[in-house]
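# A look at the structure
Here are the chains, one letter per residue:
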Amino acid sequence: MPLIVEYTYADGTKEEVRYPFEIWRKNDASVKRVFSSDKELVGITVDPNLETADIDTSNNSWPKVD
């Protein structure tokens, strides 16, 4: 399953990145990804449009949304 991530920046812009399913090849429990940006990152949401078969969406965002 691909990993769909939405990055939210301090200026209010958002960027959606779709990582291919091969990202899980080495470890199917967790992955790490490094990225760089000139903008300040203020939020991350995994699967923002609920497109994947994730049954526990309580851990899909940083900072955590109640």
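The structure we're discussing is the one just above.
Residues numbered from 1 in each chain as written. Predicted model: local features only at pLDDT ≥ 70, side-chain atom pairs only at ≥ 80, totals over all residues. Heavy atoms only, no water.

### Regarding the overall build of the chain
For the chain, the helix and strand inventory stands at zero helices and four strands. Tracing the chain from N to C terminus, the helices and strands come up as β-β-β-β. For the C-alpha atoms alone, the extent of the chain along its principal axes is close to 35 × 25 × 15 Å. Buried positions account for 18% of the 66 residues belonging to the chain. A separation of at least 24 residues holds for 44% of the contacts in the chain among residues at least 6 apart in sequence. Entry remark: accessible area of the chain is about 5300 Å², with carbon and sulfur atoms responsible for 52%. In the chain, the 8 positive side-chain charges and the 13 negative ones have mean positions that sit 6 Å from each other. (Helix = DSSP H or I, 4+ residues; strand = E, 2+ residues; numbered from the N terminus. Buried < 20%, exposed > 50% of the residue type's maximum accessible area, 1.4 Å probe, protein only. Contact = heavy atoms within 4.5 Å. Areas by Shrake-Rupley, 256 points an atom, 1.4 Å probe, with all protein chains shown as cover. Lys, Arg positive; Asp, Glu negative; His and termini not counted. Charge placed at Lys NZ, Arg CZ, Asp CG, Glu CD.)

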